Amino acid sequence: AVFSFTLVGALLGFLWFNAHPAQVFMGDTGSLALGATLAVTAMMTGHWLLLPLIGVVFVAETVSVIIQVSYFRLSKGKRVFLMTPLHHHFELLGWSEPQVTMRFWLVGIVAAMLGVALALA
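Model, not experiment: these values are computed from the prediction.

Participant: It is not clear to me how a nonpolar patch on the surface should be interpreted in this structure. Could you clarify?
Facilitator: Residues V8, L12, L15, M102, W105, I109 and M113 make up a contiguous nonpolar surface patch of about 690 Å² in total accessible area. Going through the elements one at a time, α1 (2–17) and α6 (97–120) are the ones with two or more residues in the nonpolar patch. Counting residues per element, the nonpolar patch draws most heavily on α6, at 4 residues. Among the secondary structure elements, V8 is positioned in helix α1.

Listed below in structure tokens is the structure:
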């Protein structure tokens, strides 16, 4: 629990300086470490089945790339999305970057709250 709260505090500090326009970038190394930490924490608490629900935004981003690449290869050049990962598709539809970010945050927060509610039930 102490480690989890420490991690949340560090993430809140990161998000404070990552507001638009971002002053600090995490990159792949940091995001992969956070994902691994989240997965290990879910396994340690026995709630690993809820992880795809809690991380629905991450799952959607990954699945959009898998669908796009698979369909592109099978259809010999046709696309399902304008561009992947999924957030680029929405940007090409005319959404601004802050708009996409805020909507993904809202979906992520709702999914996390639902996951926590299911874990407590």
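Structure shown, so let's carry the discussion forward.
Participant: Quick question: what am I supposed to make of the side chain of H89 here?
Facilitator: On the secondary structure map, H89 appears in helix α5 (residues 86–92). We classify H89 as buried; its relative accessible area is 14%. Excluding anything up to four places from it in sequence, H89 contacts F81, L82 and M83.

Participant: Is there a simple way to think about the packing of aromatic side chains in this case?
Facilitator: We describe a pair of aromatic rings using the distance from one ring centre to the other and the angle between the two ring planes. The full count for this structure, using the stated rule, is 2 aromatic pairs. Summarising the aromatic geometry, the rings of F90 and F104 are spaced 6.0 Å apart at their centres and angled 80° between planes, so their arrangement reads as edge-to-face. Placement of F90 in helix α5 and of F104 in helix α6 is noted, with a sequence separation of 14 residues between them. Pair check on accessibility: F90 and F104 agree, each one buried.

Participant: Looking at this model, I keep getting lost on the nonpolar core. Mind explaining?
Facilitator: A general tendency of soluble globular proteins is for nonpolar side chains to be buried together. Membership of the largest hydrophobic core is limited to 6 residues, which are V57, F81, L86, F90, V100 and F104. The contact partners of F81, leaving out residues within four places of it in the chain, are S64, I67, Q68, L86 and H89.

Participant: What am I meant to see in the side chain of Q68 here?
Facilitator: Tracing the chain through its elements places Q68 in helix α4 (residues 56–74). Take Q68: its relative accessible area is 5%, and that puts it in the buried class. At 3.0 Å, the side chain of Q68 and the backbone nitrogen of V80 are in polar contact.

What counts and how
- Residues numbered from 1 in each chain as written.
- Predicted model: local features only at pLDDT ≥ 70, side-chain atom pairs only at ≥ 80, totals over all residues.
- Heavy atoms only, no water.
- Patch = residues over 30% accessible without salt bridge, like charges linked within 9 Å, V, L, I, M, F, W, Y side chains within 5 Å.
- Areas by Shrake-Rupley, 256 points an atom, 1.4 Å probe, with all protein chains shown as cover.
- Salt bridge = Lys/Arg side-chain N within 4 Å of Asp/Glu carboxyl O.
- Helix = DSSP H or I, 4+ residues; strand = E, 2+ residues; numbered from the N terminus.
- Buried < 20%, exposed > 50% of the residue type's maximum accessible area, 1.4 Å probe, protein only.
- Contact = heavy atoms within 4.5 Å.
- Phe/Tyr/Trp six-rings, centres within 6.5 Å; stacked < 30°, edge-to-face > 60°.
- Core = buried A, V, L, I, M, F, W, Y, C linked by side-chain atoms within 4.5 Å.
- Polar contact = N/O pair within 3.5 Å; in protein donor to acceptor, adjacent residues only side chain to side chain.

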